[in-house]
Amino acid sequence: KEAMDIDIQSKPARPHWYERYVQPCVAELLGSGLFIFIGCLSVIEDAEGTGRLQPALAHGLALGLTIAILGDI
């Protein structure tokens, strides 16, 4: 007899309900909170000569940090 090659395709595992619903919401909340918190803190200090550069750099850094940390979710 010939050996029969049977390819069994299993269904991909569905993610847990926590990973589907709760984790993205918590990541969005944490990312938005970090972005707003750092943005507001960058405007509080009114040093001479910084102008619009300090808040712009702080928001860019906060956004980059948030994407680097929470981008997988």
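Before reading further, recall that the structure is shown in the block above.
Owing to the predicted nature of the structure, the values given are computational and were not obtained by experimental measurement.

Caption draft 1: Inspection of helix H2 (residues 53-70) at higher detail. The terminal C-alpha atoms of H2 lie 26 Å apart, and with 18 residues this matches the ideal 26 Å at 1.5 Å per residue to within 8%. Every buried residue of H2 is accounted for by Pro55, Ala58, Ala62, Thr66 and Leu70. All buried residues of H2 project into a common sector of 65 degrees when viewed along the axis, lining one side. Facing away from the buried surface of H2 by more than 90 degrees, the exposed residues are Leu53, Leu57, Leu61, Ile67 and Ala68.

Caption draft 2: Local environment of helix H1 (residues 17-44). Across its 28 residues, H1 extends 40 Å between first and last C-alpha, which sits within 8% of the 40 Å expected from 1.5 Å per residue. Its maximal kink placed at Gln23, H1 deviates by approximately 35 degrees, while the proline Pro24 follows within four residues.

Caption draft 3: Representation of the packing of H1 against H2 within the structure. Running from amino to carboxyl end, H1 crosses H2 at an angle of 160 degrees, the nearest separation of the two axes being 9 Å. What the angle tells us is that H1 and H2 run roughly antiparallel. For the pair H1 and H2, the crossing hand works out as right-handed. The residues of H2 that touch H1, namely those facing Ala27, Leu30, Gly31, Leu34, Phe35, Ile38, Gly39, Ser42 and Val43, are Gln54, Pro55, Ala58, His59, Ala62, Leu63, Leu65, Thr66 and Leu70. Counted by class, the contact of H1 with H2 contains twelve nonpolar, six polar and no charged residues.

Scoring rules and cut-offs
- Residues numbered from 1 in each chain as written.
- Predicted model: local features only at pLDDT ≥ 70, side-chain atom pairs only at ≥ 80, totals over all residues.
- Heavy atoms only, no water.
- Helix = DSSP H or I, 4+ residues; strand = E, 2+ residues; numbered from the N terminus.
- Expected span 1.5 Å × (residues − 1).
- Buried < 20%, exposed > 50% of the residue type's maximum accessible area, 1.4 Å probe, protein only.
- Arc of directions from axis to C-beta.
- Bend = angle between axes of the 7 residues up to and from the residue.
- Axes fitted to C-alpha atoms, helices over the stretch in contact; angles between N-to-C directions.
- Parallel < 35°, antiparallel > 145°, perpendicular 65-115°, else oblique.
- Left-handed = near helix turned anticlockwise from the far one by under 90°.
- Contact = heavy atoms within 4.5 Å.
- Nonpolar A, V, L, I, M, F, W, Y, C, P; charged D, E, K, R; others polar.

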